[in-house]
Amino acid sequence: MGKYSQLRKITQVFSEYGIVLTGERKHDHFLFDLRMDKIFLNGLIYELEFALDKELEDHKILGVSAPSQLIALLLD
């Protein structure tokens, strides 16, 4: 799957969760700025992994605090 297709799927999942990825909003902290609880965040990560048919390593996910970081991790 190409990067454009992956980005389109990622954008769709984030929009389903009501997260805007334009401008400075893509750098908002999941817990403090977007006010997501950890269960909701885990659901988002699961949906993204499912959409891309990719599994992220747990130790890499722990350092993620913003949508831009999660997208970079998914596209690696």
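Cut-off values and rules
Residues numbered from 1 in each chain as written. Predicted model: local features only at pLDDT ≥ 70, side-chain atom pairs only at ≥ 80, totals over all residues. Heavy atoms only, no water. Helix = DSSP H or I, 4+ residues; strand = E, 2+ residues; numbered from the N terminus. Rg over C-alpha atoms; globule rule 2.2 N^0.38 Å. Buried < 20%, exposed > 50% of the residue type's maximum accessible area, 1.4 Å probe, protein only. Contact = heavy atoms within 4.5 Å. Salt bridge = Lys/Arg side-chain N within 4 Å of Asp/Glu carboxyl O. Expected span 1.5 Å × (residues − 1). Arc of directions from axis to C-beta.

(A) Layout of the overall build of the protein. The helix and strand tally for the protein stands at four helices and zero strands. Listed by position from the N terminus, the elements making up the protein come as α-α-α-α. A compact globule built from 76 residues would reach a C-alpha radius of gyration of about 11 Å, and the protein, at 11 Å, matches this within 12%. Taking the principal axes of the C-alpha coordinates as reference, the protein spans close to 35 × 30 × 20 Å.

(B) Representation of helix α4 (residues 67-75) in the model. Counting buried residues in α4 gives seven out of nine residues, a clear majority hidden from the surface. When we look at burial in α4, the residues that qualify are P67, S68, L70, I71, L73, L74 and L75. Elements that come into contact with the buried residues of α4 comprise α1 (3-16), α2 (38-52) and α3 (58-61).

(C) Layout of the pattern of salt bridges. In total, this model carries one salt bridge according to the counting rule given. With its nearest N and O atoms 3.1 Å apart, the salt bridge here joins R25 to D28. Relative accessible area serves as the criterion here: at 12%, D28 is assigned to the buried category.

(D) Up close: the environment of Q6. Looking at the element boundaries, Q6 is found in helix α1. When the C-alpha atoms of Q6 and A51 are compared, they prove to be 8.5 Å apart, with 45 residues separating the residues in sequence. What Q6 contacts, discounting residues up to four positions off in sequence, is M1, L52 and L75.

(E) Summary view of α1. The terminal C-alpha atoms of α1, which comprises 14 residues, lie 20 Å apart, in line with the 20 Å expected from a rise of 1.5 Å per residue. All of the buried residues along α1 are Q6, I10, V13 and F14. Around the axis of α1, the buried residues are gathered within 100 degrees of arc, so they sit on the same side. Turned more than 90 degrees away from the buried face of α1 sit Y4, R8 and E16, all of them exposed. Buried-residue contacts for α1 involve α2 and α4.

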